[in-house]
Amino acid sequence: MAGDDAAGTQVFHLALLGEARLRHGGAHLPLERRTAAVLTWLALEGPHPKYRLAGLLWAESSEATARNNMRQLLRRLRLSVGAELVQGSDVLSLVEGVTIDAAELQAHVLAGRHAQALALEGVLLGALEFDDCPEFQAWLESARERLDKLRRRAASAESEAKERAGDLSGALVLAEKLLAMDPYSEEAWRRLMRLHYIAGDRMAALNAFERCRRLLREELDTQPLPQTVALAREIERGPAAPPRGAPAKLPLSVLRPPVLVGREREWARMEEAWTEGKTIFLSGEPGVGKTRLAHDFAASRGVHMVLESRPGETHVAYSTHVRLLRQIMARCPDATLAPWVRRELSRLMPDMAGAEGLPPPMVDEAERSRFLEANCLAIYQLCAGMDAIVADDLQYMDAATAEFALLMLSRRHDIPSDGVFPRFVDTYRRGELTPIAAACIQQLVEAGLAVVIELEPLHSEAVGTLLGSLELAGAEGLTDNVMRYTGGNPLFIMEALRHLLESGGLERGWPEQVHPSGRGRDLIQRRLERLSAPALQVARLAALAKTSFAVELASEVLEMTPMSLATHLSELEAAHVLRGERFTHDLLFDVVREAIPPSLVPLLHRRLASALEQRKAAPVVVAQHWLEGKEPQRAAPFLVAAANAEASAFRHMEAALLYYRAATALEEAGALDEAARVRARARGIPSA
């Protein structure tokens, strides 16, 4: 396999499922046992100290012998491959350009590509064992179990998908495959029983129950769980060929209702505002349907894009605006901006700086005006051909973005001839806007440039129409109960139906045990209680990290390997708690955050602060985590740094407030002299 190219420019495929081997071009290179172990560890765990790994693989040798053995192993690998496959001197890692089947399996499951995941068969490192390396052997067994769990999740999800699509034979094949992976899973046995029954084969369903009961008695000396027995009794009593009626649980109509109901009046007002060229603001309580209405209306206007403000952005200047710019630039990668515009944009996005480097800090209002003008012109130019932008969840928008939006929307009649100004359709939670954002919206309304439309919960007739549109047997007859328990909030309605579908109770009507849920919180809490403990811990971290949450951050803070974290994220997505790295809706975010044990909150905040500090995150974000972690003295320097940045941008009020927060933190920590100096800086700011 020798060649002149560096490994980084070649394509190597590392096969770890089954016999360990390396493929390059048409050649296959079998891997020696410890070589396979090194590559597997680096592939699944990431970079690792060279000699710590040597200690795992030559556990009974002296340190000097282990080090020498590792050097020889890497040398043999380099000679056999003809290129550097492993890089680093003290810390080893795989070079770029190496694909790994075990990592592909994990990625397929996370992305919902379950069929592709199931096509990757084989035990991790096949029949290789490492009894002479007990610590590595323990890790290998754990990694094998994690991969098996991913495969089981993929088989279960793909079986459910085929059932929803009406492919019962395909769903049955996967149910049998799931049982082969985990023959003691009664959940898998119940799935097989139910699929046989709805396919019209009651005898096969009952035979599956008998197989389950015999296996548990002979292998584990136990009996099936009550719910398994109850399902068998229900099948015995039911008809031989049940009607092929309602789709499987969680059909698409529940995840997203097919029609928008009860919003005719609001739609008409939006049509009127659009004709008049006004910005449209939709306000209402969480879950009332603001986002759905905004998205559907924008889609009816033509080409549009969606910008979501996120929890945690409120205190990071221009964070929402920067994400808007990056989203628009991703749609127009070949756009050519004037050099002076790019230079001004590099104040917010350093990667846009040219050969001359970053511009110096602004020193007067004229330079700040030039900066704002450049940002306006960039949006005008990049939005050419776009009809609408939906800006969702403005209650999270930072003050600097709000002030810039006021300027930009106020100048809509001054757009250059070669620019296009898309209409904005914005949403926010009623009563949760920052004072600055609320004032900006009020100014636009008073100037006749915007309209605010308040959304209320659906009335009873609209709730009935919504339930009827879902095509779920029995749902329309629950209108009165749903209206009483949810108050007409569309999100809570769908949460209630989701609960009934998951518990199998929809056909039996509204259950007596479901009580008013205090805005749906206990329905969501029940779903959270079904999560594994590690998955719930990941969700808790996401709630505290807010917009900073990312896979790499969670792996470090929770001390989880990437593979185990991937398993827990997959579980959260399957439970509709997270979508990617965000909560599926704000109510879930609130419930998770409020339910975190108080003793755990400061610890997680401190770990977040430390990790974000290493990542050079925005100072105000790091400071907030140190404050919530009960470490005010460690928060103070970051608050001062954030204040300095605001002062340099002539945002005097924001700078003063941050200096005062820093002084308060120092006083709480007992650093009274330093606190006094910081307060003096705040008092020295104009109009502070």
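Before reading further, recall that the structure is shown in the block above.
Presented here is a report on the structure given in the accompanying data block.

Re the overall build of the protein chain
In terms of regular secondary structure, the protein chain is built from 31 helices and 14 strands. The buried share of the protein chain, reckoned over its 688 residues, is 50%. Expressed as a percentage of contacts within the protein chain between residues at least 6 apart in sequence, the contacts between residues at least 24 apart total 68%. For the protein chain, the accessible surface area stands at approximately 31,400 Å², while carbon and sulfur atoms represent 52% of it.

With respect to the packing of aromatic side chains
Taken as a whole, this structure holds seven aromatic pairs when the rule is applied. Pairing Trp 274 with Phe 297 gives two aromatic rings, centres 5.9 Å apart and planes at 70°, and the pair type is edge-to-face. Taken together, the residues span a long stretch of sequence, with Trp 274 in helix 12 (residues 264-275) and Phe 297 in helix 13 (residues 290-301) at a distance of 23 residues. Just as Trp 274 is buried, Phe 297 falls in that class too. On the basis of an interplanar angle of 80° and a centroid distance of 5.6 Å, the ring pair of Tyr 318 and Phe 371 is categorised as edge-to-face.

Overview of the packing of helix 6 (residues 134-164) against helix 8 (residues 186-198)
As a packed pair, helix 6 and helix 8 sit with axes 13 Å apart at the nearest point and diverge in direction by 15°. As the angle between them shows, helix 6 and helix 8 are arranged roughly parallel. Relative to helix 8, the crossing made by helix 6 is left-handed. Between helix 6, through Ser 156, Ser 159, Glu 160 and Glu 163, and helix 8, the contact on the second element is made entirely by Arg 191, Arg 194, Leu 195 and Ile 198. Residue composition of the contact of helix 6 with helix 8, by class: two nonpolar, two polar and four charged.

So, the sheet that holds strand 2 (residues 21-24)
One open sheet holds the four strands; their spatial order is 3-2-1-7, and the pairing between them is mixed. Among the strands making up the open sheet, the edge pair consists of strand 3 (27-30) and strand 7 (98-100). Sheet twist, expressed as the mean angle between neighbouring strand axes with direction ignored, is 25°.

Description of the pairing of strand 10 (residues 388-392)
Burial analysis of strand 10 places five of its five residues in the buried class, which makes it a mostly covered element. Burial along strand 10 is two-sided: the face carrying Ala 388, Val 390 and Asp 392 and the face carrying Ile 389 and Ala 391 are both buried. One ladder, built from five bridges, connects strand 9 (residues 304-308) with strand 10; its direction is parallel. Pairing of Val 306 across the sheet is with Val 390, part of strand 10. Pairing geometry for strand 10 and strand 11 (residues 423-429), over four bridges, is parallel. Residue pairing across strands places Ala 388 opposite Arg 423, the latter belonging to strand 11.

Quick word on the side chain of His 196
On the secondary structure map, His 196 appears in helix 8. For His 196, a relative accessible area of 15% puts it in the buried group. For His 196, the residues in contact, after removing those within four places along its chain, are Leu 172, Glu 176, Asp 201, Ala 204 and Ala 205.

Let's talk about the environment of Thr 465
Mapping Thr 465 onto the fold places it in helix 19 (residues 460-469). In sequence terms Thr 465 and Gly 262 are 203 residues apart; their C-alpha atoms lie 8.3 Å from each other.

Here's the deal with the pairing of strand 3
With four bridges joining them, strand 2 and strand 3 adopt antiparallel strand pairing. Paired with Arg 21 across the two strands is Pro 30, which belongs to strand 3. Hairpin connection from strand 2 to strand 3: two residues lie between these consecutive antiparallel strands, with Gly 25 at a positive phi of about 65°.

A closer look at the pattern of salt bridges
Per the counting criterion, the structure on display carries 32 salt bridges. In this structure, the salt-bridge partner of Asp 351 is Arg 326, at a minimum N-O distance of 2.8 Å. Taken together, the residues span a long stretch of sequence, with Asp 351 in the loop between helix 15 (339-345) and helix 16 (365-382) and Arg 326 in helix 14 (residues 319-331) at a distance of 25 residues. Judged by its relative accessible area of 54%, Asp 351 is exposed. Take Arg 326: its relative accessible area is 37%, and that puts it in the partly exposed class. Overlapping salt bridges, with partners in common, bring together Glu 160, Glu 163, Arg 191 and Arg 194 in one network.

The rules behind these values
Residues numbered from 1 in each chain as written. Predicted model: local features only at pLDDT ≥ 70, side-chain atom pairs only at ≥ 80, totals over all residues. Heavy atoms only, no water. Helix = DSSP H or I, 4+ residues; strand = E, 2+ residues; numbered from the N terminus. Buried < 20%, exposed > 50% of the residue type's maximum accessible area, 1.4 Å probe, protein only. Contact = heavy atoms within 4.5 Å. Areas by Shrake-Rupley, 256 points an atom, 1.4 Å probe, with all protein chains shown as cover. Phe/Tyr/Trp six-rings, centres within 6.5 Å; stacked < 30°, edge-to-face > 60°. Axes fitted to C-alpha atoms, helices over the stretch in contact; angles between N-to-C directions. Parallel < 35°, antiparallel > 145°, perpendicular 65-115°, else oblique. Left-handed = near helix turned anticlockwise from the far one by under 90°. Nonpolar A, V, L, I, M, F, W, Y, C, P; charged D, E, K, R; others polar. Pairing = 2+ DSSP bridges. Salt bridge = Lys/Arg side-chain N within 4 Å of Asp/Glu carboxyl O.

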